[in-house]
Structures are given as C-alpha cells and as structure tokens.
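Structural features, examined
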Amino acid sequence: MMEKKHPPFSVVIPTLWRPATFIQLLQQLNASEDIQEILVIDNARDQRPEIPYLDKLNLIDHGRNLYVNPSWNLGVSMAKSTAVCLCNDDVLIADNLIGFMRTQSLRRITGLNPK
C-alpha cells in the first residue's frame, strides 16, 4: 500500500544572515523533492552573503527588518503550496525529516526549530 503524502512544502525562513550554516540549510532544502519552494525573508540585506543559484529559492527583500512573525506571515501569504513549513535560519535537518513530515497527519502549517 502506498503512503499518502501531503503536497510538497513551501518553506518560509526569515533571516538576519547570522548562522554560518544557513547556506547549507538552503542547499539541503533545495535538494529535497519534498520541498516546492524556499521563501527567504531577508531582514538584513547589508549582511547578505553571496548565495549560490538555487532553483527553489525566492529571496524576498523589503529593504528593512520586518522581524520574525511578520516575516512568517508574509511568507505564508506568498506560499505556492497548501502545506507550509515555518523554519528558523539556524537549523540543519535530518535528510528524511521533510519526507517523513509529508506522510504524517499534519495541519497545513508546521515548524522546524533547533533543540
């Protein structure tokens, strides 16, 4: 029997570009077939590093810091998928976590946060 999956996620990540692992997180998410798009809300354009081309990345720059909750709200309003994952910029995730989340009985919004 085939597992039922939710649609691929739109991932919303506000950032001030501080974590050294953020580009690695973006590359990890971009490589996942369980991710439709990555919406990065740039809250510190003057701190933005060089970003490699990532086909799922949508960089949103309002020219000022929107802060975390308004950034998540903006990202959710722009998401293409009906399944949205709110993510912090300082996490790295297990390779199978997003795929696992798609098979679970989740609400339409979920979040990732480091422990």
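Up top is the structure.
Below: a short report on this structure. Bear in mind that the values here come from a model prediction, so they are computed numbers and not experimental data.

Criteria and cut-off values
- Residues numbered from 1 in each chain as written.
- Predicted model: local features only at pLDDT ≥ 70, side-chain atom pairs only at ≥ 80, totals over all residues.
- Heavy atoms only, no water.
- Helix = DSSP H or I, 4+ residues; strand = E, 2+ residues; numbered from the N terminus.
- Buried < 20%, exposed > 50% of the residue type's maximum accessible area, 1.4 Å probe, protein only.
- Contact = heavy atoms within 4.5 Å.
- Areas by Shrake-Rupley, 256 points an atom, 1.4 Å probe, with all protein chains shown as cover.
- Pairing = 2+ DSSP bridges.
- Right-handed = clockwise from strand over helix to strand, strands pointing away.

All right, on to the overall build of the protein chain then. Within the protein chain, the regular secondary structure consists of three helices and five strands. Shown N-terminal to C-terminal, the secondary structure of the protein chain runs as helices and strands in the order β-α-β-β-α-β-α-β. Here the protein chain, with 115 residues, has 43% of them falling under the buried criterion. Long-range pairs, those at least 24 residues apart, make up 73% of the contacts in the protein chain with a sequence separation of at least 6. A total of about 7000 Å² of accessible surface is found on the protein chain, and carbon and sulfur atoms cover 50% of it.

A separate point is the pairing of strand β2 (residues 35–42). In summary, the side chains of a regular strand alternate between the two faces of the sheet. Where burial is concerned, most of β2 is hidden: seven out of the eight residues are buried. In this structure, strand β1 (residues 9–15) lies alongside β2, joined through seven bridges in parallel fashion. Residue Phe9 lies in a different strand from β2, and its bridge partner there is Ile35. Handedness of the crossover joining β1 and β2 through helix α1 (residues 22–30) is recorded here as right-handed. In the sheet, β2 pairs with strand β3 (residues 57–61) via five bridges, with the strands oriented parallel. When the sheet's bridge partners are listed, Ile38 is paired in β3 with Leu57.

None of the figures reported here should be taken as evidence of function without further support.
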